[in-house]
Amino acid sequence: MTHILHRTIGGSLPVAASGHGIEIVDTAGKRYLDASGGAAVSCLGHGHPAVTAALHEQLDKLAYAHTSFFTTEVAERLADALIADAPPGIGHVYLVSGGSEAIEAALKMARQYFAERGETQRRHIIARRQSYHGNTLGALATGGNEWRRAPFSPLLIETHHIDPCFAYRFQQPGESEEAYGQRAADALEAKILELGGDTVMAFVAETVVGATAGAVPPVKGYFKRVREICGKYGVLLILDEVMCGMGRTGTLHACEQEGIAPDLMTVAKGLGGGYEPIGAVLLGEHLFKAFAEGSGFFQHGHTYIGHPLACAAGLAVQQTIKRDKLLANVQAMGAHLRRRLGERFGNHAHVGDIRGRGLFQAIELVEDRLTKAPFDPARKLHAKVKKAAMARGLMVYPMGGTIDGQHGDHVLLAPPFIVDERQIDEIVDRLGAAVDDALA
């Protein structure tokens, strides 16, 4: 009997005992290929010696110091490293303990920014349907996952949602990619005008949509148009790169591939690679200046922000990615993963779409390829895929389809950046068998 309140009550989980590279081993000795990085977290795999050495070194120096009393050398070094590689205009970092915390902080920064400027009427947040921004109440309210929101709806602040940029589901027959991107982005302007241009505070979006919709990349031109619209109405653009950022799509920040810079950006997961809980908000200099020349402080804080061990992990992970040129491997192995997924699933009767960027890719499972009709959610196909994959020693990240039929079950892959072609081939082979088992 367990005394832990597990995510699913009444089930039985294997006990993870050790990990090395892209494998986790349970107490029974069974080995699992970690093809999802947990939840797109373990970018360097498990047991990386450079990171564990950095943690030992930091622990011998200092484990904890509260940020109302001290800063630390390791936190300053991590912030310097993040800003050195940040999008244009980003000049400061606020360190937190995870993705939901980062989103909460970013929302508060956005509100305080306008309060400092005397624009207290700006209060509305716009995000996208079928998005996910975290499980704390502000983040949950911002996200567009109705299944997650429903039980807590009486507790959630009012937010507003537009359709996502999701070509497989929303691009019309004969519509060019550029035309669709313009149309999808123009929905943001329409919503801003509906609410009142000077009342909207922020637009929040995942640059590449994560687990809720399954590695959905934006079409060409979409985010450039979004950036223009936000600038036109003075709305802050908050990019959520908690899952898709820090190298996962082949560039350090996914927005690099869109040719834009946000006002605020949240990162986590791949920042510390799972070695310690850490996240961050990267903020533009205009926000920092408003705080510095206004009240002089950011009215927010948590006990464990800037934790020295977490910062040591984050710094070591980012130094390793740069030193070992792992972004080049993400690009090369991402291309190999896409080829292998295409070979295995391109003609599969129940795979409607293969999508993503870098080592952040997904397949969407549908009942009918021609009509794109999803499977009945009651079938819980995603859970069957996960169970079949675990039985074959494979960790993947499946999610269920939406209740409104806007997309089907999907399986997300996010293997560590250190993966090689042989391991990619094994991942795809095991995934193919698991999908067929689940559909049988």
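The shown structure was predicted, so the numbers you read here are calculated from the model rather than taken from an experiment.

(A) Representation of the sheet that holds strand S15 (residues 410-413) within the structure. In space, the 4 strands of this open sheet follow the order S11-S12-S15-S14, with antiparallel pairing throughout. The sheet is open, and its two edges are formed by strand S11 (351-357) and strand S14 (397-399), each paired on a single side. Geometrically, the sheet is characterised by an average inter-axis angle of 20° between neighbouring strands, direction not taken into account. Inspection of the sheet shows strand S12 (residues 360-365) paired to S15 by 4 bridges, in the antiparallel sense. Bridging across to S15, Ile-363 finds its partner in Val-411. Running over the sheet, helix H13 (residues 381-391) touches S12, S14 and S15 and is turned about 160° from S14.

(B) Structural view of the sheet that holds strand S8 (residues 236-240). Across the sheet, 7 strands lie side by side as S4-S10-S9-S8-S7-S5-S6; this open sheet has mixed pairing. Among the strands making up the open sheet, the edge pair consists of strand S4 (90-96) and strand S6 (160-162). Here the average twist between neighbouring strands, direction ignored, is 20°. Its contacts with the sheet place helix H10 (residues 285-293) against S4, S8, strand S9 (264-267) and strand S10 (279-284), and it is angled at close to 85° to S10.

(C) Region of interest: a nonpolar patch on the surface. Residues Leu-137, Phe-152 and Leu-155 make up a contiguous nonpolar surface patch of about 290 Å² in total accessible area. Given the relative accessible area of 54%, Leu-155 is considered exposed.

(D) Layout of helix H3 (residues 73-84). End to end, H3 covers 16 Å across 12 residues, agreeing with the expected 16 Å (1.5 Å per residue, within 8%). Of the residues making up H3, those classed as buried are Val-74, Ala-75, Leu-78, Ala-79 and Leu-82. Seen from one end, H3 has its buried residues packed into an arc of 135°, which puts them on one side. Opposite its buried face, H3 presents the exposed residues Glu-73, Asp-80 and Ala-84, each directed more than 90 degrees away. The elements touched by buried residues of H3 are helix H2 (49-61), S4, S10 and helix H11 (308-323).

(E) Focus on the environment of Gly-301. Note that Gly-301 resides in the loop between H10 and H11. Separated by 256 residues in sequence, Gly-301 and Gly-45 have C-alpha atoms that sit 31 Å apart.

(F) Unusual backbone geometry, seen in detail. A positive phi angle, close to 55°, is found at Met-246, a residue other than glycine. Along the chain, Met-246 turns up in the loop between S8 and S9. Assessed through its relative accessible area of 1%, Met-246 is described here as buried. Although it is not a glycine, Lys-380 adopts a positive phi angle of roughly 50°.

Scoring rules and cut-offs
Counting of residues starts from 1 at the beginning of each chain's written sequence and follows it residue by residue. Only residues with pLDDT of at least 70 get local features here, since the model is predicted, and only at 80 or more are side-chain atom pairs given and counted; chain-wide, interface and lining totals rely on the full set of residues. Excluding hydrogens and water, the side-chain figures rest on all heavy atoms present in the structure. Should DSSP find at least two bridges between two strands, the strands are taken to pair. In DSSP terms, a helix is any run of H or I states spanning at least four residues, a strand is any run of E spanning at least two, and both are numbered starting from the N terminus. Axes, fitted as lines to C-alpha atoms, cover a helix only where it is in contact. Angles between the N-to-C directions of the axes lie from 0 to 180 degrees. Whether two residues touch is decided by their heavy atoms; if any such pair falls within 4.5 Å, the residues are in contact. To count toward a patch, a residue needs a relative accessible area above 30% and no salt bridge. Like charges then connect within 9 Å, nonpolar side chains (Val, Leu, Ile, Met, Phe, Trp, Tyr) within 5 Å. Accessible areas in this description were obtained via Shrake-Rupley with a 1.4 Å probe; residue shielding takes into account the shown protein chains only. A pair is scored as a salt bridge if a Lys or Arg side-chain nitrogen falls within 4 Å of a carboxyl oxygen belonging to Asp or Glu. Buried, partly exposed and exposed residues are distinguished by accessible area as a fraction of the type maximum, computed with a 1.4 Å probe on protein chains only: under 20%, between the cut-offs, and over 50%, respectively. A helix is expected to reach a length of 1.5 Å times the quantity of its residues less one. Picture the helix axis, draw a direction to every C-beta atom, and the arc is the one those directions span.

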